[in-house]
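For reference, the chains in residue letters:
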Amino acid sequence: MKNIAFVIHSLGSGGAERVVTTLANNLSHVYNVTIVTFVKSEPFYPLDDNVRVCYCLPNIEPSQNVFQSLKLNFKLYKHICQYAQEHSFDLLIGFMTQANILTVLSGRKVGIPTIISERNNPKLDITSRFWRAMKRMVYPRTNALVVQTVPIADYYKPYIQNNKIKVIQNPIARSYTDQVRSSENVARENVILHVGRLCNQKGQELAIKAFAALELNNWELLLLGEGPKRKEYEELITRLGLVGKVRLLGRIKNVSDYYLKSSIFVFPSRYEGFPNALTEAMYMGMPCIAADCPTGPSELIQNGQNGFLIPVDDTSVLREKMEQLVSDDQLRKELGENAHLSVKHLEENNISNLWKGLIADSLN
């Protein structure tokens, strides 16, 4: 079997980490799979025993200046090259900007092909001038760049050979498929759910304010995830008198249980790449309200058919759609069923087969 390796910062609780874990587990049946992480970390998502994990450094402190940053990245580069030679990797697959650049440089150093994958909207993602310049110099040298949407593909076409750019959406892990099949009769509770990092991009304060305006006595809003906005949201919840009604549950491993028991999913992001949380909620049969942000939700939701799209940063329309779903059981059921059917093509095996084809082409 050929030896392939994913390169990523860590195996924490993020969306890219979820995709890498899902793909690594699936591909390990046809390749010898290694995951090279920058920093030592316990896998947040279940990882098959036959997937090997190597780390470059025990921990990484934030760089204080350009010199420290260059020194750190040179260390990471040397470790990746060393692993590639020690384990005779035939292909490197990078995930996210820094890992992508180091993957391409390492692949060229040791003479093996590379695939890189962008996970967010490059027009709106906050990237330093240095990394933007590096992307323009290094990305064209990869064998393939994977993105999740056509608009993101269009962004890269001016400086990357177009036949190298592949649109492959994120897979829904097989564990979700198994759970959906075994839990058809699970009763939904009066819960509005959001899953995502607590940060400005995800716009959770809009959901909190919209929920406050509804003045519901028998519903609660649950926010799953962790991030820099936690303290700000705790203060907002207290100020709006929502303590006990809006709960910040932090990082949760059994997110699928919450998808199954909750009745409505809200996703007021200001920008996305291709949102795992939204696809998972739809697959688990939830009626979803998502901001029509660049990019992702509009590729998944047909407004009024399998969910609702609302303007970005519009608390009043979010409140209106939440109220509509809270008061209409039948509408929730119809939108949830349509949502599930509309994302079945993203099941793990379907997406993994696209990756297998791309990997085979790159290896040849």
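The following refers to the structure shown.

So, the overall build of the protein
Right, on to step 1. Of the regular secondary structure elements, the protein holds 14 helices and 13 strands.
Right, on to step 2. When its C-alpha atoms are laid out on the principal axes, the protein stretches across 60 × 45 × 40 Å.
Right, on to step 3. If you sum the accessible surface of the protein, you get close to 16300 Å²; carbon and sulfur atoms cover 48% of it.
Right, on to step 4. In the protein, the 41 positive side-chain charges and the 36 negative ones have mean positions that sit 9 Å from each other.

Here's the deal with the sheet that holds strand β3 (residues 52-57)
Right, on to step 1. Across the sheet, 7 strands lie side by side as β3-β2-β1-β4-β5-β6-β7; this open sheet has parallel pairing. Two strands bound the open sheet, and with one partner strand each, they are β3 and β7 (165-167). Taking the axes of each pair of neighbouring strands and ignoring which way they run, one obtains an average angle of 20° across the sheet.
Right, on to step 2. Bridge analysis of strand β1 (residues 3-8) against strand β4 (residues 91-95) gives 4 bridges, and the strand direction is parallel. Opposite A5, over in β4, you have L92 as the bridge partner.
Right, on to step 3. Strands β1, β2 (32-39), β4 and β5 (114-117) of the sheet are contacted by helix α3 (residues 97-110), whose axis makes an angle of about 160° with β4.

Topic: a nonpolar patch on the surface
Right, on to step 1. Together, V66, L70 and F130 give the surface a local cluster of nonpolar side chains, amounting to about 280 Å² of exposed area.
Right, on to step 2. Summarising the element assignment, L70 is placed in helix α2 (residues 66-86).
Right, on to step 3. A relative accessible area of 45% means that L70 is categorised as partly exposed.

Quick look at the nonpolar core
Right, on to step 1. In this structure, F6, F95, Y259 and F265 are the most contacted members of the largest nonpolar core, which totals 57 residues.
Right, on to step 2. In terms of residues, this core owes the most to one element, helix α1 (residues 15-27), which gives 6 residues.
Right, on to step 3. Once residues lying within four places of it in the same chain are set aside, the contact partners of F95 are F6, V7, I8, A16, V19, V20, L23, N100, S117, R119 and W355.
Right, on to step 4. One finds I192, A210, I237 and I264 within the second-largest nonpolar core, a separate group that totals 29 residues.

Considering helix α7 (residues 204-214)
Right, on to step 1. With 8 of 11 residues buried, α7 lies mostly within the body of the structure.
Right, on to step 2. Where α7 is buried, its residues touch β8 (191-195), β9 (220-224), α8 (230-239), β10 (246-250), β11 (264-267) and α12 (315-326).

Overview of the pairing of β8
Right, on to step 1. In terms of burial, β8 is a largely internal element, 5 of the 5 residues being buried.
Right, on to step 2. Residues of β8 alternate between two faces, with V191, L193 and V195 on one and I192 and H194 on the opposite face, all of them buried.
Right, on to step 3. Relative to β9, β8 is paired through 5 bridges, and the arrangement is parallel. Counterpart to V191 in the pairing with β9 is E220.
Right, on to step 4. Handedness of the crossover joining β8 and β9 through α7: right-handed.

A look at the packing of α2 against α3
Right, on to step 1. In the contact formed by α2 and α3, the axes pass within 9 Å of each other and the chain directions differ by 50°. Taken together, the axis directions place α2 and α3 in an arrangement best described as oblique. The chirality of how α2 crosses α3 is right-handed. Contacts from N73, L76, Y77, I80, C81, A84 and Q85 of α2 reach α3 at Q98, L102, L105, S106, K109 and V110.
Right, on to step 2. Residues belonging to the contact of α2 with α3 are distributed by class as follows: 8 nonpolar, 4 polar and 1 charged.

Topic: the environment of V110
Right, on to step 1. Inspection of the secondary structure assignment puts V110 in helix α3.
Right, on to step 2. Residue classification places V110 among the partly exposed residues on the basis of a relative accessible area of 23%.
Right, on to step 3. In contact with V110, not counting residues within four places along its chain, are C81, A84 and Q85.

Some words on the state of the cysteines
Right, on to step 1. Within this structure, the stated rule accounts for 0 disulfides.
Right, on to step 2. Cysteine C199 is unpaired, with the sulfur of C293 as its nearest cysteine sulfur at 12 Å.
Right, on to step 3. Among the cysteines around C288, which has no disulfide bond, C293 carries the closest sulfur, lying 13 Å off.

Definitions and limits used
- Residues numbered from 1 in each chain as written.
- Predicted model: local features only at pLDDT ≥ 70, side-chain atom pairs only at ≥ 80, totals over all residues.
- Heavy atoms only, no water.
- Helix = DSSP H or I, 4+ residues; strand = E, 2+ residues; numbered from the N terminus.
- Areas by Shrake-Rupley, 256 points an atom, 1.4 Å probe, with all protein chains shown as cover.
- Lys, Arg positive; Asp, Glu negative; His and termini not counted.
- Charge placed at Lys NZ, Arg CZ, Asp CG, Glu CD.
- Pairing = 2+ DSSP bridges.
- Axes fitted to C-alpha atoms, helices over the stretch in contact; angles between N-to-C directions.
- Contact = heavy atoms within 4.5 Å.
- Patch = residues over 30% accessible without salt bridge, like charges linked within 9 Å, V, L, I, M, F, W, Y side chains within 5 Å.
- Salt bridge = Lys/Arg side-chain N within 4 Å of Asp/Glu carboxyl O.
- Buried < 20%, exposed > 50% of the residue type's maximum accessible area, 1.4 Å probe, protein only.
- Core = buried A, V, L, I, M, F, W, Y, C linked by side-chain atoms within 4.5 Å.
- Right-handed = clockwise from strand over helix to strand, strands pointing away.
- Parallel < 35°, antiparallel > 145°, perpendicular 65-115°, else oblique.
- Left-handed = near helix turned anticlockwise from the far one by under 90°.
- Nonpolar A, V, L, I, M, F, W, Y, C, P; charged D, E, K, R; others polar.
- Disulfide = S-S within 2.5 Å.

These results come straight from atomic positions and should not be treated as a statement about function.
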